[in-house]
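# Fold and geometry: a report
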Amino acid sequence: MTTLVVASSQHGSTREIAERIAEVLRVNKGVTTVVEDTKDAPKWLATVDAVVVALPVYGGSLDKAGKAFLDTHRAELADRSLFIAVSGGSPELDPKLQAVVDAYGARDTAYLRGAVTEEKLGFKDKMLIKLAKGQFGDFRNWDAVESWGKSLAARGAN
Ligand SMILES: Cc1cc2nc3c(=O)[nH]c(=O)nc-3n(C[C@H](O)[C@H](O)[C@H](O)COP(=O)(O)O)c2cc1C
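Below or above, wherever it landed, is the structure these notes cover. (Residues numbered from 1 in each chain as written. Predicted model: local features only at pLDDT ≥ 70, side-chain atom pairs only at ≥ 80, totals over all residues. Heavy atoms only, no water.)

### Notes on the site of the ligand
The criterion, for reference: Residues are labelled near a given molecule or strand when at least one of their non-hydrogen atoms is within 4 Å of it. Here a polar contact is taken to be a pair of N or O atoms separated by no more than 3.5 Å, where protein atoms must pair a possible hydrogen donor with a possible acceptor and residues adjacent in sequence count only if both atoms sit in side chains. In this description, accessible areas are obtained by the Shrake-Rupley approach with a 1.4 Å probe, and a residue is regarded as covered only by the protein chains that are shown. A helix here means a DSSP run of H or I that spans at least four residues, while a strand means a run of E at least two residues long, and both kinds are numbered starting from the N terminus. Gly counts as polar in this scheme, as do all residues outside two lists: the nonpolar Ala, Val, Leu, Ile, Met, Phe, Trp, Tyr, Cys and Pro, and the charged Asp, Glu, Lys and Arg.
Surrounding the ligand, one finds 22 residues, the nearest of these being Ser9, Ser13, Val57, Tyr58 and Ala115. The backbone of glutamine 10 places a nitrogen or oxygen atom 2.9 Å from an oxygen atom of the ligand. Note that an oxygen atom of the ligand is positioned 2.6 Å from one of the backbone N or O atoms of alanine 115. In the complex, the protein chains occlude 89% of the 640 Å² of accessible area that the ligand would expose alone. Breaking the shell around the ligand down by element, the ones donating at least two residues are helix 1 (13-29), strand 3 (50-58), strand 5 (81-88), strand 7 (115-116) and helix 5 (123-131). It is strand 3 that provides the largest number of residues to the shell around the ligand, a total of 3 residues. Among the residues making up the shell around the ligand, the classes are represented as 8 nonpolar, 13 polar and 1 charged.

Given below as structure tokens:
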């Protein structure tokens, strides 16, 4: 059985989280994994039993491509073990967004802090972060990422 890890990522930090989740499942739990972006992930859906979707928060909403993947494939995902990881710059996930995430009926969800790297952002995005009084930095907690990733093996990602 293969676990599909879908990485919806605009600047790469959520992709690295998705890759680390896939790596710990593979190395520590012997699970066959594949990591794909939202464009290439659909072709795997028919052949996998478990799907982990990792997507960031942008401008107070779930990343458009990641949310579109969850919405478009809702029926197929309902027949599989689904896990959702949200990444964001804020210390905590807005409860309104948590409610949106919960509505997908995943077996488990996690909020894993991401990275807001000033050098990777264009002028407009930098201004948006500054206006929102957001912080720049790499807030990813790799211990939390790995421990959540490993925990999925006992809950259907195997
Ligand atoms: C323009 C912009 C808007 C953002 N808006 C939010 C936000 O509303 N809430 C939040 O928690 N993080 C916000 N972030 C932080 C991102 O969620 C974080 O940088 C995430 O790790 C980005 O993932 P990516 O590198 O895979 O694109 C924002 C980042 C940018 C650049």
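Alright, that's what it looks like, and here's the rest.
### Focus on the environment of alanine 85
Going by this rule: With a 1.4 Å probe rolled over the protein chains alone, any residue whose accessible area is under 20% of its type maximum counts as buried; one over 50% counts as exposed, and the rest are partly exposed.
For alanine 85, the location among the structural elements is in strand 5. For alanine 85, a relative accessible area of 2% puts it in the buried group. On a C-alpha basis, the gap between alanine 85 and alanine 18 in space is 8.6 Å, while along the polypeptide they are 67 residues apart.

### Observations concerning the packing of helix 1 against helix 6 (residues 142-151)
Two numbers describe a pair of packed helices, the interaxial angle and the distance between the axes. Under the convention used in this document: The axes are straight lines fitted to the C-alpha atoms, using for helices just the contacting stretch, and the angles between their N-to-C directions are given from 0 to 180°. For classification purposes, an angle smaller than 35 degrees is called roughly parallel, one larger than 145 roughly antiparallel, one from 65 to 115 roughly perpendicular, and anything else oblique. With the far helix as reference, a near helix turned anticlockwise by less than a right angle produces a left-handed crossing, and one turned clockwise produces a right-handed crossing. Note on contacts: a residue pair is in contact if any heavy atoms of the two residues lie within 4.5 Å.
Between helix 1 and helix 6, the shortest axis-to-axis distance is 8 Å and the interhelical angle comes to 50°. With respect to helix 6, the axis of helix 1 lies oblique. For the crossing formed where helix 1 meets helix 6, the hand is right-handed. Seen from helix 1, the contacting residues are Glu16, Ile17, Arg20, Ile21, Val24, Leu25, Asn28 and Lys29; seen from helix 6, they are Trp142, Val145, Glu146, Trp148, Gly149 and Lys150. Of the residues that constitute the contact of helix 1 with helix 6, the class distribution is 7 nonpolar, 2 polar and 5 charged.

### What to know about a nonpolar patch on the surface
Heads up, the rule is: Each patch is built from residues lacking any salt bridge and having more than 30% relative accessible area; the joining distance is 9 Å for like charges and 5 Å for nonpolar side chains (Val, Leu, Ile, Met, Phe, Trp, Tyr). Salt bridges are identified by distance alone: a Lys or Arg side-chain nitrogen within 4 Å of an Asp or Glu carboxyl oxygen.
Together, Phe123, Met127 and Leu131 give the surface a local cluster of nonpolar side chains, amounting to about 370 Å² of exposed area. By relative accessible area, phenylalanine 123 is classed as exposed at 67%.

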